[in-house]
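One-letter residues, chain by chain:
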Amino acid sequence: MTDTVTTTGTAPAHPRARPTGSGAPATRFAVPGRISVSEQAATVWQTAMLTRIRRETPHAATFRLAVPEWAGHLPGQHLMLRLTAPDGYVAQRHYSIASAPDGSGHIELTLDRVPDGEVSGWFHTVARPGDTVEVRGPLSGFFAWPGDRPALLLGAGSGVVPLMSMVRHRRGRGLTVPLRMLVSARSPEELIYSAELGEETTTVFTRSAPQGVPVGRMTAAHVAPLLAEQPPGGWEAYVCGSNGFAEHASRLLVAAGQPVDRIRIERFG
Amino acid sequence: MNVTRGFTGRPRVPHPGLPPGQYDAGEDWPVLSAEVTPDLAPADWSFRIDGLVERPHTWNWDAAHALPASAYDGDIHCVTGWSKFGVRFGGVSLDAFFAVVRPHVSATHVVAASHTGYTTNLPLADVTGGRAWIVWEYDGRPLPSEHGGPARLVVPHLYFWKSAKWIAGLTLLDHDEPGFWEGNGYHGRGNPWEEQRYSGD
């Protein structure tokens, strides 16, 4: 593995929580950083060639990109991607990386088709293998999971994408560190990576479900059993989805006793 | 220039207020906090300025509201790419708070801290001279908690991660000290007009 990111080990209780002498009240910081990030990798735009497109659901597809100079990433990290029009107009977006770091020189992104989305629209209607785009990254460390501590993952819709990178990383490396995922989708047809989800995953369907399977929002009843089986050292919780989902899921976690300084949230937008 | 085959993009609507690489979010106001939204009532809110100042001081909700009211009418820009035009925040200029604590001449930077423990660093010059506010109103109504209510910092000429939500205090320093995102690879200053998104930009 050629990751240029390095783990900083167990986070201290209040890393950079407040500056020396600050009058900030003694509340706990929610999100100590996990890793340091390569400035070099974050700054340089690289050409990425689309090599394969795989449909996941009616609204989401996975795009596999060859990035020969990819510096490597950790599960949960994202990148910045840009498209350029002939007149120089540029559209850039942040996307979570779906694939586990594997040193293959390839990365995968899974994109929802956003209504009127100029970038996701291009990917879903124009893109074909052989096309090139530009990427920079990997970016940001706070949502990264190096595989070093038990992980409790809560996602909704395409919020499952960075979480799947973690699931794949754990499987690919044969890690034994506990990991559980609770993922919400509108229906089985809209559940991204459904064929790949294993016994680590519990699904919640909000609009329709197979006969006999309840339909409804994620509730305390989904979260409680996961927090009841506390692994040694407790869970590090990762929440990803829309702001509405993130607010709801993080409140469920707090209500169930998960410490706020061990809940990391990535919201769409 | 690396033209993307078949990409045309949205209709070009030139807007002199749109920094490079940004798009107009329209009515949307995305929420991107990395932590759990705190349950913080106005009665439990406080704001303190300390560090390199003559008289460190803590304001509670009523004391902060007793300072002269000031509003920001203008635009905000998020590092993730969206900009929002014509927002209106109501609160108090940071200058009014600084007039009470009186910064030392040696102070060059501040670290802003949230009630959640989130931090962000700024040059002192970016938060003085009518360029920064503590606000509790958005569009004439109480600032929603997910947007930083009951009160947040607003430094609209920099990327919006500098505008710490649930603001708890500022510490004045004679040096720069990276905050939360700055320690996670983001730029030290974050000027949207120079596209200072990540460290090294």
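Thresholds, definitions, all that
- Residues numbered from 1 in each chain as written.
- Chains lettered and ligands numbered in written order.
- Predicted model: local features only at pLDDT ≥ 70, side-chain atom pairs only at ≥ 80, totals over all residues.
- Helix = DSSP H or I, 4+ residues; strand = E, 2+ residues; numbered from the N terminus.
- Rg over C-alpha atoms; globule rule 2.2 N^0.38 Å.
- Contact = placed C-beta atoms within 7 Å.
- Nonpolar A, V, L, I, M, F, W, Y, C, P; charged D, E, K, R; others polar.
- Buried ≥ 20, exposed ≤ 12 C-beta atoms within 10 Å, placed from the backbone.
- Pairing = 2+ DSSP bridges.
- Axes fitted to C-alpha atoms, helices over the stretch in contact; angles between N-to-C directions.
- Domains from an automatic or database assignment.
- UniProt positions renumbered as here; feature names shortened; annotations may be inferred.
- pLDDT = per-residue confidence, 0-100.
- Expected span 1.5 Å × (residues − 1).
- Right-handed = clockwise from strand over helix to strand, strands pointing away.
- Core = buried A, V, L, I, M, F, W, Y, C linked by C-beta atoms within 7 Å.

- You'll find chain B entered in an unreviewed UniProt entry as Molybdopterin-binding protein, with Streptomyces yokosukanensis given as the organism.

1. Section: the overall build of chain B
1) Next: Of the regular secondary structure elements, chain B holds two helices and 11 strands.
2) Next: Going from N to C terminus, chain B has its helices and strands arranged as β-β-β-α-β-β-α-β-β-β-β-β-β.
3) Next: In terms of overall size, chain B behaves like a compact globule, its C-alpha atoms giving a radius of gyration of 17 Å where 201 residues would be expected to give roughly 17 Å.
4) Next: Structurally, chain B occupies a C-alpha span of about 60 × 35 × 30 Å along its principal axes.

2. Some points on the interface of chain A and chain B
1) Next: Every contact between the two is made by 52 residues of chain A and, on the other side, 46 residues of chain B.
2) Next: For the side of chain A that touches chain B, the elements supplying multiple residues, two or more each, are helix H1 (39-43), strand S5 (78-84), strand S6 (90-96), helix H2 (118-125), strand S8 (132-139), helix H5 (243-255) and strand S13 (263-267) of chain A.
3) Next: For the side of chain A that touches chain B, the element with the most residues is S6 of chain A, which contributes five residues.
4) Next: Per-class residue counts for the side of chain A that touches chain B are 24 nonpolar, 17 polar and 11 charged.

3. Side note on the environment of Ala43 of chain B
Residue and element names in this part refer to chain B.
1) Next: One can find Ala43 in the loop between strand S1 (23-24) and strand S2 (46-51).
2) Next: The class of Ala43 is exposed, set by 10 C-beta atoms lying within 10 Å.
3) Next: Separated by 107 residues in sequence, Ala43 and Pro150 have C-alpha atoms that sit 9.5 Å apart.

4. Section: the sheet that holds S8 of chain A
Residues and elements named next belong to chain A.
1) Next: An order of S6-S5-S8-S3-S4-S7 is seen for the six strands of this open sheet, with the pairing classed as antiparallel. Looking at strand neighbours, the two that pair on one side only are S6 and strand S7 (106-112), the edges of this open sheet. Across the sheet, the axes of successive neighbouring strands diverge by a mean angle of 40°, strand direction being ignored.
2) Next: Where strand S3 (residues 46-55) and strand S4 (residues 60-66) come together, six bridges link them in antiparallel fashion. The residue of S4 that forms the bridge with Arg54 is Thr62.

5. A few points about the domain arrangement of chain A
How big an interface is tends to be stated in terms of the accessible area lost upon association of its parts.
1) Next: Domain assignment breaks chain A into domain 1 (42-139) and domain 2 (151-267).
2) Next: Counted by class, the side of domain 1 of chain A that touches domain 2 of chain A contains seven nonpolar, seven polar and three charged residues.

6. What about the UniProt feature "domain: Oxidoreductase molybdopterin-binding" (unreviewed entry) in chain B?
1) Next: Here, UniProt's "domain: Oxidoreductase molybdopterin-binding" (unreviewed entry) annotation points to residues 37-181 of chain B.
2) Next: Structurally, residues 37-181 of chain B is divided into 9% helix and 41% strand, and its ends, taken at the C-alpha atoms, are 17 Å apart.

7. Some thoughts on the confidence of the model for chain B
1) Next: Here chain B averages 96 in pLDDT, and 100% of its residues register 70 or above.
2) Next: On the interface metric, ipTM, the complex scores 0.91, and its pTM is 0.90.

8. Some thoughts on helix H3 (residues 160-173) of chain A
Residue and element names in this part refer to chain A.
1) Next: The end-to-end C-alpha distance of H3 is 20 Å, a good match for the 20 Å that 14 residues give at a rise of 1.5 Å each.
2) Next: Of all 14 residues that make up H3, 10 are buried, and the element is covered over most of its length.
3) Next: All buried positions along H3 are accounted for by Val160, Val161, Pro162, Leu163, Met164, Ser165, Met166, Val167, His169 and Arg170.
4) Next: Gly174, located one to two residues past H3, shows a positive phi value of around 65°.

9. Examining the pairing of S13 of chain A
Residue and element names in this part refer to chain A.
1) Next: Most of S13 is tucked away: five of the five residues are buried.
2) Next: Here S13 shows no split at all, with Ile263, Ile265 and Arg267 on one side and Arg264 and Glu266 on the other all buried.
3) Next: As paired elements, strand S12 (residues 236-241) and S13 share five bridges and run parallel to each other. Each bridged residue has a counterpart across the sheet, and for Tyr238 the counterpart in S13 is Arg264.
4) Next: Regarding topology, H5 serves as the crossover connection from S12 to the parallel S13, and that connection is right-handed.

10. Some words on the nonpolar core
1) Next: Leu163, Tyr238 and Val239 of chain A together with Ala112, Trp133, Ile134 and Ile167 of chain B are the most contacted members of the largest nonpolar core, which totals 118 residues.
2) Next: Ranked by the residues each element gives to this core, the list is headed by H3 of chain A, at six residues.
3) Next: Mapped onto the domain boundaries, this core takes at least three residues apiece from domain 1 (42-139) and domain 2 (151-267) of chain A.
4) Next: Ignoring sequence-local partners within four residues, the contact set of Trp133 of chain B consists of Ser70, Tyr72, Phe89, Gly91, Val92, Ser93, Leu94 and Val154 of chain B.

11. What to know about the environment of Glu108 of chain A
Residues and elements named next belong to chain A.
1) Next: Summarising the element assignment, Glu108 is placed in strand S7.
2) Next: Considering only alpha carbons, one finds Glu108 and Thr206, 98 residues apart in sequence, at a separation of 27 Å.
3) Next: Beyond its immediate sequence surroundings of up to four residues, Glu108 is in contact with Thr62, Phe63, Arg64, Ala98 and Ser99.

12. A look at the sheet that holds S2 of chain B
Residues and elements named next belong to chain B.
1) Next: Strand order in this open sheet of five strands is S3-S2-S11-S6-S7, and the pairing throughout is mixed. The open sheet has two free edges, formed respectively by strand S3 (57-60) and strand S7 (119-123), since each of these has just one partner strand. Mean inter-strand twist for the sheet, computed between neighbouring axes without regard to direction, equals 15°.
2) Next: Pairing geometry for S2 and strand S11 (residues 167-173), over four bridges, is parallel. Directly across from Asp50, in S11, lies its bridge partner Thr171.

13. Details of H5 of chain A
All names here are of chain A.
1) Next: For H5, spanning 13 residues, the distance from its first C-alpha to its last is 18 Å, which sits close to the expected 18 Å at 1.5 Å a residue.
2) Next: Taken together, the buried positions of H5 are Phe245, Ala246, Glu247, Ala249, Ser250, Leu252 and Leu253.
3) Next: Check the buried side of H5 and you find it contacts strand S9 (151-156), strand S10 (179-185), helix H4 (220-228), S12 and S13.
4) Next: One or two positions beyond H5, positive phi appears at Gly257, with a value near 105°.

14. Quick look at unusual backbone geometry
1) Next: At the junction of Gly137 of chain A and Pro138 of chain A, the peptide bond is cis and its omega measures out at 10° in the coordinates.
2) Next: With respect to the element layout, Pro138 of chain A can be found in strand S8.
3) Next: Note that the residue after Gly149 of chain B, namely Pro150 of chain B, is joined by a cis bond; omega there is 15°.
4) Next: Assignment of secondary structure puts Pro150 of chain B in the loop between strand S9 (141-142) and strand S10 (152-154).
5) Next: Backbone geometry at Arg102 of chain B places phi at a positive 55°, although glycine is not the residue there.
6) Next: Within the secondary structure layout, Arg102 of chain B lies in the loop between helix H2 (94-101) and strand S6 (109-114).
7) Next: Owing to 11 C-beta atoms within 10 Å, Arg102 of chain B belongs among the exposed residues under this scheme.
8) Next: One non-glycine residue, Asp139 of chain B, adopts positive backbone phi at about 55°.
9) Next: Examined against the element boundaries, Asp139 of chain B turns out to sit in the loop between strand S8 (133-138) and S9.

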